[in-house]
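Take a look at the letters that make up each chain.
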Amino acid sequence: MADPQSSASSNVLTNPSWERVQLARHPKRPHTLDYIQRLTTNFEELHGDRAFGDDHAIVAGLGWFEDRAVMVVGQQKGRDTKQKIFRNFGMPQPEGYRKAMRVMELAAKFSRPIVTFLDTPGAYHGKDAEERGQGRAIAQNLREMSRLGVPVIVVVIGEGGSGGALALGVGNRVYMMENAVYSVISPESCAAIIYRDASQAPLAAAALKMTAPELLNLGLIDGIVPEPGEGAHADPDGAAESLRSTLRKALESFEGMSQRRLIDDRYEKFRRMGAYYAEP
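So, a few notes on the structure that sits alongside this text. (Residues numbered from 1 in each chain as written. Predicted model: local features only at pLDDT ≥ 70, side-chain atom pairs only at ≥ 80, totals over all residues. Heavy atoms only, no water.)

### A few points about the packing of helix 3 (residues 32-39) against helix 12 (residues 236-253)
Thought 1: As a packed pair, helix 3 and helix 12 sit with axes 10 Å apart at the nearest point and diverge in direction by 70°. The pairing of helix 3 with helix 12 is recorded here as roughly perpendicular in orientation. When you trace helix 3 past helix 12, the crossing you get is right-handed. Mapping the contact onto sequence places Tyr35, Arg38 and Leu39 in helix 3 and Pro236, Asp237, Ala239, Ala240, Leu243, Arg244 and Leu247 in helix 12. (Axes fitted to C-alpha atoms, helices over the stretch in contact; angles between N-to-C directions. Helix = DSSP H or I, 4+ residues; strand = E, 2+ residues; numbered from the N terminus. Parallel < 35°, antiparallel > 145°, perpendicular 65-115°, else oblique. Left-handed = near helix turned anticlockwise from the far one by under 90°. Contact = heavy atoms within 4.5 Å.)

Structure (structure tokens):
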């Protein structure tokens, strides 16, 4: 009988999907604030949901991307232990999603394009978050983002985990950094449910098809942002410049689009997902 530990080790060594998961979680990988610093000028952060408090796992504010005024919303994990605790390890609570929606509604009011950065293992699942309406907050974001009359550009910069990421992910264009991952569930949780063994996460990662090339092939994203050298963690400036080019082209493609067309474009994009038909 095969040794489970030996099998797991073999999966790690031969599994490109698991390698991408590790790169997406690299401790030096650029986070939302790193990209905001490199891509925007005169960024002003906005705080609070006007109902409960300010969630530090989500950063939101207005700034300038080159010659365009934009609204930026993203999940922030933190770097060292103190920052990670402050940012709740990048896991937003209901007030974070409400803050994000408040800021996006401001963007729609003042006709500013929205750029969102996804980088979370998932929404915070603590009892207090559930008591404050975590599921409702995520659902409302999904509904209201679909109705925004301004361009929405989504970029998965690290981990795109479950509904916690999708709550900021209803965009006209969805891009992924080359070594990012995007999935309905983490590989560890999937392995614990399907294989009854969290150590089989590498096997689950391959089955989930969560890497950028796989999702592009499935038509779930619109493009891949190349990363320099060994990855974004090795050259954050190079990664930011690569993303700058993608954002510039995306914003240019929406020039002259009416509000109705922007909403229809977003609706049609998501309606196409998961539509598979077999020949009779």
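Let us keep going from here.
### A look at the pattern of salt bridges
Thought 1: On inspection of all chains with the given rule, the structure shows 23 salt bridges.
Thought 2: In this structure, Arg248 and Glu66 form a salt bridge, with 2.6 Å as the shortest nitrogen-oxygen distance. You can see Arg248 sitting in helix 12 and its partner Glu66 sitting in the loop between strand 2 (58-65) and strand 3 (68-75), a full 182 residues away along the chain.
Thought 3: Two residues, Arg173 and Asp265, come together in a salt bridge whose shortest N-O distance is 3.1 Å. With Arg173 in strand 6 (residues 173-177) and Asp265 in helix 13 (residues 259-271), the pair connects residues that are 92 residues apart, well separated along the chain.
Thought 4: Asp265 gets classed as buried once you look at its relative accessible area, which sits at 12%.
Thought 5: Here the salt bridges share partners, and the residues they tie into one network are Arg25, Lys77, Asp119, Glu159 and Glu188. (Salt bridge = Lys/Arg side-chain N within 4 Å of Asp/Glu carboxyl O. Buried < 20%, exposed > 50% of the residue type's maximum accessible area, 1.4 Å probe, protein only.)

### Considering the environment of Thr32
Thought 1: Within the secondary structure layout, Thr32 lies in helix 3.
Thought 2: Expressed as a C-alpha distance, the spacing of Thr32 and Gln75, which sit 43 residues apart in the sequence, is 6.3 Å.

### Examining the nonpolar core
Thought 1: Among the nonpolar cores identified, the biggest contains 56 residues, and Tyr35, Met104 and Phe117 are the most heavily contacted of them.
Thought 2: One finds Ala24, Ala201, Ala205 and Met210 within the second-largest nonpolar core, a separate group that totals 7 residues. (Core = buried A, V, L, I, M, F, W, Y, C linked by side-chain atoms within 4.5 Å.)

### Regarding the pairing of strand 3
Note on strand geometry: in a regular strand, side chains alternate between the two faces of the sheet.
Thought 1: Most of strand 3 sits out of view: 8 of its 8 residues are buried.
Thought 2: Here strand 3 shows no split at all, with Arg68, Val70, Val72 and Gly74 on one side and Ala69, Met71, Val73 and Gln75 on the other all buried.
Thought 3: Taken together, the 8 bridges between strand 2 and strand 3 define a ladder with antiparallel strand orientation. What sits directly across from Val59, in strand 3, is Gly74.
Thought 4: Here strand 2 folds back onto strand 3 in antiparallel fashion, the turn holding 2 residues, of which Glu66 has a positive phi close to 55°. (Pairing = 2+ DSSP bridges.)

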